[in-house]
2 protein chains.
Amino acid sequence: MNQPIRRMKSDTVTLAHGGGGKAMRDLIEDVFVSAFEPDGMEDQARLTDAALAEPGARLAFTTDGFVVSPLEFPGGDIGKIAVCGTVNDLAVGGARPLWLSAAFIIEEGTDVALLRRVVASMRAAAAEAGVRIVTGDTKVVERGSADGIFITTSGVGVIPPGRDLAAEKVRPGDVAIVNGVLGDHGAAILAARGDMALSVEIPSDCRPLNALMEAACDAVTVRAARDATRGGLASALNEIAEAAGCGIEIDEIALPLRTEVKGVCEILGLDPLYLANEGTLVLFVPEAQADAALAVMRATEAGAGAVAVGRATQTHPGRVVMQTVFGGGRIVDMLVGEQLPRIC
Amino acid sequence: MNQPIRRMKSDTVTLAHGGGGKAMRDLIEDVFVSAFEPDGMEDQARLTDAALAEPGARLAFTTDGFVVSPLEFPGGDIGKIAVCGTVNDLAVGGARPLWLSAAFIIEEGTDVALLRRVVASMRAAAAEAGVRIVTGDTKVVERGSADGIFITTSGVGVIPPGRDLAAEKVRPGDVAIVNGVLGDHGAAILAARGDMALSVEIPSDCRPLNALMEAACDAVTVRAARDATRGGLASALNEIAEAAGCGIEIDEIALPLRTEVKGVCEILGLDPLYLANEGTLVLFVPEAQADAALAVMRATEAGAGAVAVGRATQTHPGRVVMQTVFGGGRIVDMLVGEQLPRIC
């Protein structure tokens, strides 16, 4: 662009910044365009990628709204989650993420400095994941009509020919592997809210998982994967058990948990199986490939803590059962109500 | 799916419906899946389209957040706008819209019946536009943390080989054509809010414009098009004038305005050039093709009222000037503040 970048004149976002006029252009150019560097000022991104034209390749398309409170927390902020969450939704389906959109709903009075931090964080997360944020939108609502900042990201990726992950493909005997400790994001948000007076600081696990998924899919047959976000590992496993029509057995001793998270759960009576994660997934591989999968996952940054936690079974189809440390079995149901609202 | 569809047990949306557990699945299956019929229950849509693989074809990707208040108004609701708005963003860039995503942020306490009406309206608008809503997301926030329902839609389309619309391509002499009356959406929202005690009922112009754009692009050289949403026709023309580096002259007498809209503007001191539209666009064609463009546009439903309103000029580059009914010229600047908040 030949025009100099417009600078915002205000320290807070006002309704005029969402009105479609000059103030909105100042906000968009100063805060968003300077960070995301879109190709042009048309309202749509125009994109090509050779991988999309490959015979048998499929396009993957997903969307996720983020309403997390507080907006900033140890290990991340709403911007980092908004990028990683959508990248991970694409990745666990076997897609290579390419492009993201970002739509902001901003409450009047929001600090421009906060917005800049969130946008910088999105830019950094996108760079880490190797994706581009190519198009966006901004709306401003009156004070009291939204909580600071909501972000909805959508993502487009490409599923290479022949790759077809689906929960239905999980077979009895398949091994369930998680890439690292459970519940960090949920515990981080809980601690960051401050109303529990917890003295520990637990960083969220928020991170992109596409490099990990790509490595696993290249090396072994991944039947299915799910990122264990809202509803935690328990909900992810229940979805898979139901779709595959088989049972799933997990081993309580094998579940990787940070001592601090275990402590928070014991104090508050929470079950870490239901705590949200933003950089943790579970994937299923044939038993004969489990060791190879673990090795290739552990060689990646996000998979360093990979561990087998259970397996699919012919018994109790549609149900998830945990072998407890005391030797008994207990049914791990889907979450019935909400464990924590506004977690992502 | 073999499973029977789960039914919601509640008349209003609760926080549990956003928690990632059973209640959320009930909401999603009962309200969303039954209306949108996605291909599967994976979190991502997996898509193919022959047009995307054509050599020289490009993928178009766009996003838009909708925060309109009130949620329902004469001629539409937030669901219809959310579909038409994103379809139109794709269409005015020359893309054929294919797939949409829809992310809902719902305030606790929202009526499920209202949500069903909005979703039905999205389904109808998608059918009218010939697009599929293929993926979605739902978040629920506490009472007072959002205004009822916010919807963010993203859209993916394909730009056929050789088609390249851009504001920069407008040349002096090109004719500016609008497809119908101006300001209906803005006036409809204003009247629907009720606080002006206006006795007229003006229906919003909310409608998909892709069939109209497709017909125009097939028949003539469309240099650039813009839908005149937030900021109205004035902002759309200013953007084009700035990008193209030419002036634009419009003729006040030629501007198509409904009598009721003119009346509302006169009473309230509003300028219809800045009123939002949701089914009105302006496009530029070479002068020699203006008659052909008008004929082909008028043959479409959304273009029945198509009329030339002005032209690009070599004089006053970057500026939009209106020849008034009194014979003078007045500069039509971009909107400086907001004319009406929460218009779309």
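Along each chain, the written sequence defines residue order, and numbers are assigned to residues from 1. Written order decides the labels, with chains lettered from A and ligands numbered from 1. In keeping with the model being predicted, local features are shown solely for residues with a pLDDT of at least 70 and side-chain atom pairs are shown and tallied solely at 80 or more, while totals for entire chains, interfaces and linings include all residues. Side-chain metrics rest on all non-hydrogen atoms present in the structure, leaving aside hydrogens and water.

- An unreviewed UniProt entry lists chain A under the name Hydrogenase expression/formation protein HypE, from Allgaiera indica.
- UniProt positions are given in the numbering used here, feature names are shortened, and annotations may be inferred rather than shown by experiment. Under the UniProt heading Sequence similarities (unreviewed entry), the note attached to chain A is "Belongs to the HypE family."

## Topic: the relation of the copies chain A and chain B
- When chain A is fitted onto chain B, the two copies agree to an RMSD of 0.0 Å after a turn of 180 degrees and an axial shift of 0.0 Å. Such values leave the two copies arranged in the relation of a two-fold axis.
- A symmetric contact is evident, with 100% of the interface residues of chain A recurring at the interface of chain B. For the least-squares superposition of copies, only C-alpha atoms count, and only for residues with pLDDT at least 70 in both. Contacts are residue-level and defined by heavy atoms, with any inter-residue pair within 4.5 Å sufficient.

## Remarks on the UniProt feature "domain: PurM-like N-terminal" (unreviewed entry) in chain A
- According to UniProt, the feature "domain: PurM-like N-terminal" (unreviewed entry) maps to residues 49–159 of chain A in the numbering used here.
- Every helix listed is a DSSP run of H or I at least four residues long, and every strand listed is a run of E at least two residues long, numbered separately from the N terminus. As a span, residues 49–159 of chain A carries 33% helix and 41% strand, and end to end its C-alpha atoms are 12 Å apart.

## Remarks on the side chain of Arg 46 of chain A
- For Arg 46 of chain A, the position within the fold is in strand S1 (residues 45–47).
- Residues adjacent in sequence count toward polar contacts only when both atoms are side-chain atoms; beyond that, a polar contact is any pair of N or O atoms within 3.5 Å, and within protein one must be able to donate a hydrogen and the other to accept it. Polar side-chain contacts of Arg 46 of chain A include one of 3.1 Å to the side chain of Gln 44 of chain A.
- Not counting residues up to four positions away in its chain, the partners in contact with Arg 46 of chain A are Arg 58, Leu 59, Gly 93, Ile 159, Asp 164, Leu 165 and Ala 166 of chain B.

## Description of the domain arrangement of chain A
All names here are of chain A.
- Domain limits in this description derive from either an automatic procedure or a database domain assignment. Split into domains, chain A comes out as domain 1 (15–159) and domain 2 (167–331).
- Taken together, the contact between domain 1 and domain 2 spans 19 residues of the former and 22 residues of the latter.
- By definition, the buried area sums, over both parts, the 1.4 Å-probe accessible area that each loses when the two are put together. Of the roughly 1,800 Å² buried where domain 1 meets domain 2, counting both sides, 62% is carbon and sulfur surface.
- Of all residues in domain 1, Pro 74, Asn 88 and Val 92 bury the most surface against domain 2, accounting for 33% of the area lost on that side.
- For this analysis, a salt bridge means a side-chain nitrogen from Lys or Arg found within 4 Å of a carboxyl oxygen belonging to Asp or Glu. In this assembly, domain 1 and domain 2 are joined by one salt bridge.

## Considerations on the pairing of strand S12 (residues 307–313) of chain B
Residue and element names in this part refer to chain B.
- At least two bridges found by DSSP between two strands is the condition for calling them paired. With four bridges joining them, strand S8 (residues 175–178) and S12 adopt antiparallel strand pairing. Residue pairing for S12: Val 178 is matched across the bridge by Val 307.
- Inspection of the sheet shows strand S10 (residues 247–251) paired to S12 by four bridges, in the antiparallel sense. Residue pairing in the sheet places Ile 250 in a bridge with Gly 310 of S12.

## Observations concerning the packing of aromatic side chains
- Here a Phe, Tyr or Trp ring, Trp counted by its six-membered ring, pairs with any other such ring whose centre lies within 6.5 Å, and the pair is stacked when the planes are under 30 degrees apart, edge-to-face when over 60, and tilted otherwise. Counting across every chain of the model gives six aromatic pairs over all chains.
- Seen from their ring centres, Phe 61 of chain A and Phe 61 of chain B are 6.3 Å apart, and the 85 degrees between their planes marks the pair as edge-to-face. Here the residue Phe 61 of chain A occupies a position in strand S2 (residues 58–66), and Phe 61 of chain B occupies one in strand S2 (residues 58–66), the pair thus bridging two chains.
- Relative accessibility under 20% of the residue-type maximum defines a buried residue, over 50% an exposed one, and the middle range a partly exposed one, all with a 1.4 Å probe and only protein chains included. A residue is classified by how much of its surface remains accessible, and Phe 61 of chain A, at 0% relative accessible area, is buried.
- Of the aromatic side chains, those joined through ring pairs into one cluster are Phe 32, Phe 36 and Phe 104 of chain A.
- Counted as over-ring charges are cases with an Arg CZ or a Lys NZ within 6 Å of the ring centre that also lie within 35 degrees of the ring normal. In this structure, Lys 139 of chain A is placed above the aromatic ring of Phe 66 of chain B, and the distance from its NZ or CZ to the ring centre is 5.6 Å.

## What about the sheet that holds strand S14 (residues 329–331) of chain B?
Residues and elements named next belong to chain B.
- Strand order in the open sheet formed by seven strands is S9-S11-S8-S12-S10-S13-S14, and the pairing between neighbours is mixed. At either end of the open sheet lies a strand with only one pairing partner, and these are strand S9 (224–227) and S14. Taking each pair of neighbouring strands and ignoring which way they run, the sheet shows an average axis angle of 25 degrees.
- Here S9 runs beside strand S11 (residues 281–285); their pairing, made up of four bridges, is antiparallel. Opposite Asp 227, over in S11, you have Leu 281 as the bridge partner. Each axis is a line fitted through C-alpha atoms, taken for helices only over the stretch in contact, and angles between the N-to-C directions span 0 to 180 degrees.

## A look at a nonpolar patch on the surface
- A patch consists of residues whose relative accessible area exceeds 30% and which take part in no salt bridge; residues with like charges are grouped when within 9 Å of each other, and nonpolar side chains (Val, Leu, Ile, Met, Phe, Trp, Tyr) when within 5 Å. Residue-level accessible areas treat just the shown protein chains as cover; the underlying method is Shrake-Rupley with a 1.4 Å probe. A cluster of nonpolar residues, Ile 253, Val 325 and Phe 326 of chain A, forms a patch on the protein surface that exposes about 390 Å² of accessible area.
- Within the secondary structure, Phe 326 of chain A is located in the loop between strand S13 (320–323) and strand S14 (329–331).

## Some words on the packing of helix H1 (residues 22–36) of chain B against helix H4 (residues 112–129) of chain B
Residue and element names in this part refer to chain B.
- Packing of H1 against H4 leaves a shortest axis separation of 9 Å and a crossing angle of 20 degrees. By the angle between their directions, the pair H1 and H4 is classed as roughly parallel. In the packing of H1 onto H4, the handedness of the crossing is right-handed. Every residue of H4 that contacts H1 at Leu 27, Asp 30, Val 31, Phe 32, Ser 34, Ala 35 and Phe 36 is listed here: Val 112, Leu 115, Arg 116, Val 119, Met 122 and Arg 123.
- Basically, the charged four are Asp, Glu, Lys and Arg, the nonpolar ten are Ala, Val, Leu, Ile, Met, Phe, Trp, Tyr, Cys and Pro, and anything else, Gly included, counts as polar. Of the residues in the contact of H1 with H4, the class split is nine nonpolar, one polar and three charged. Note that the term roughly parallel is reserved for angles under 35 degrees, roughly antiparallel for angles over 145, roughly perpendicular for angles of 65 to 115, and oblique for everything else. By convention the crossing between two helices is left-handed if the near helix lies anticlockwise of the far one by an angle smaller than a right angle, and right-handed if it lies clockwise.

## Considering helix H3 (residues 78–92) of chain A
All names here are of chain A.
- Over its 15 residues, H3 runs 21 Å from end to end, which matches the ideal 21 Å to within 8%, given 1.5 Å per residue.
- In terms of burial, H3 is a largely internal element, 15 of the 15 residues being buried.
- Among the residues of H3, the N-terminal cap falls to Asp 77, whose side-chain oxygen and the backbone nitrogen of Gly 79 are separated by 3.0 Å.
- The first or second residue beyond H3 is Gly 94, which carries a positive phi of 95 degrees. What a helix should span is 1.5 Å times the count of its residues minus one.

## Re the pattern of salt bridges
- The tally for this structure, following the rule as stated, stands at 42 salt bridges over all chains.
- Across the pair Arg 46 of chain A and Asp 164 of chain B runs a salt bridge whose closest N-O atoms are separated by 3.4 Å. With Arg 46 of chain A in strand S1 and Asp 164 of chain B in the loop between strand S7 (149–159) and S8, the pair connects residues from two separate chains.
- Classification of Arg 46 of chain A by relative accessible area gives buried; the value is 17%.
- With its nearest N and O atoms 3.2 Å apart, the salt bridge here joins Lys 169 of chain A to Asp 164 of chain A.
- A relative accessible area of 33% places Asp 164 of chain A in the partly exposed class.
- Through salt bridges with shared partners, a single network forms among Arg 46 of chain A together with Arg 58, Asp 164 and Lys 169 of chain B.

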